[in-house]
Structure formats: structure tokens, C-alpha cells
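# Examination of the molecular architecture
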Amino acid sequence: QVQLVESGGGLVQPGGSLRLSCAASGFTFSDYPMSWYRQAPGKERDLVALISNTLAHPPDYVDSVKGRFTISRDNVKNTVYLQMNSLKPEDTAVYYCSVYRSRVRYWGPGTQVTVSS
């Protein structure tokens, strides 16, 4: 079965950096686009970044993180990453990685990112 497990969250000061990882299993990782979402308290879960499974399409980002966040993947390690730089308090949220496969969207349990001084 599909399993996604995020790690790397934590408490960081404004302007700091974190690198999130998501280890995937139970499907052919290299065949699927992967994405990161986030959900702040009292808000909906929103797409943050998306990376294709091919080189035909560049990664895509929500406007609020462009130039600060970078999504990448390692098809040998079956892992997708989210490098987050210049973090702001408004980036505070639970971050989830996700894959859409066979008409089902799968989620990991999430990792908390808190940006605060």
C-alpha cells in the first residue's frame, strides 16, 4: 500500500531554513508527480509545490513561496524534498506530501513547521 512519511519539521526563527523530506513506498515513485501541501490552523489545506515525474515540466510553486522554497526528488531513494529558506511566520503550518494515484490522493501524516521568534 502507498505510504508517505514526512520528516524535518520543527521550530525555526524568521529568516531561517528547514529541509523537509518525504519517504515514499508502495508504488513506483518515479512514475508519479509529487507535491507538498500545507495547512495552517483554521485554514484549508493548500498546494505549495509540485514536481513532475519527468523533466518535461519544471516544478511549480504557489506565488507566496516562489524564490524561497525549492522542491526536488530523488528517484533512487524514493524521496521528495522541500527546501525552505527565508521562512516567515505565515509559513507556519503542518506540511504534507502527497501523490495522486489511481484516482486517489494519498497523504502522509504531516510534519509541523513553526516559524517564530
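Here, every reference points to the structure presented above.
First, a word on scope: everything that follows refers to the structure included in this document. None of these values were measured; they are calculated from a predicted model. (Residues numbered from 1 in each chain as written. Predicted model: local features only at pLDDT ≥ 70, side-chain atom pairs only at ≥ 80, totals over all residues. Heavy atoms only, no water.)

### Considerations on the layout of surface pockets
Empty space among the atoms becomes visible once a probe the size of a water molecule is rolled across them. The calculated volume of the largest pocket comes to roughly 210 Å³. For the largest pocket, the lining is made up of 14 residues, of which Arg38, Ala40, Lys43, Asp46 and Glu90 are closest to its centre. Among the elements of the structure, strand 4 (34–39) and strand 5 (45–51) are those that each provide at least two residues to the lining of the largest pocket. It is strand 5 that contributes the most residues to the lining of the largest pocket, 3 residues altogether. Of the residues belonging to the lining of the largest pocket, the class tally is 5 nonpolar, 3 polar and 6 charged. (1 Å grid on protein atoms, 1.4 Å probe; cavity = no way out; pocket = protein on both sides within 12 Å on 5 of 7 lines; lining within 4 Å. Points joined across faces, edges and corners; volume = space filled by probe spheres on them. Helix = DSSP H or I, 4+ residues; strand = E, 2+ residues; numbered from the N terminus. Nonpolar A, V, L, I, M, F, W, Y, C, P; charged D, E, K, R; others polar.)

### Structural notes on the side chain of Thr79
Within the fold, Thr79 resides in strand 8 (residues 79–84). Classification of Thr79 by relative accessible area gives buried; the value is 8%. In terms of polar contacts, Thr79 uses its side chain to reach the backbone carbonyl oxygen of Lys77, at 2.9 Å. (Buried < 20%, exposed > 50% of the residue type's maximum accessible area, 1.4 Å probe, protein only. Polar contact = N/O pair within 3.5 Å; in protein donor to acceptor, adjacent residues only side chain to side chain.)

### Some details on the packing of aromatic side chains
In total, this model carries 4 aromatic pairs according to the counting rule given. Look at Phe27 and Tyr32: their rings are 5.7 Å apart centre to centre, the planes differ by 80°, and that puts the pair in the edge-to-face class. Overall, Phe27 belongs to the buried group, its relative accessible area being 10%. Seen in terms of ring centroids, Tyr96 and Trp107 are 6.2 Å apart; in terms of plane orientation they differ by 80°. Their pairing is edge-to-face. Taken as a pair, Tyr96 in strand 9 (residues 93–101) and Trp107 in strand 10 (residues 104–107) lie far apart in primary sequence, 11 residues in all. Members of the aromatic cluster, each reached through a chain of ring pairs, are Phe27, Phe29 and Tyr32. Over the ring of Tyr96 we find Arg45, and its NZ or CZ is 3.6 Å from the ring centre. Over the aromatic face of Phe29 sits the side chain of Arg73, whose NZ or CZ is 4.4 Å from the ring centroid. (Phe/Tyr/Trp six-rings, centres within 6.5 Å; stacked < 30°, edge-to-face > 60°. Lys NZ or Arg CZ within 6 Å of the ring centre and 35° of its normal.)

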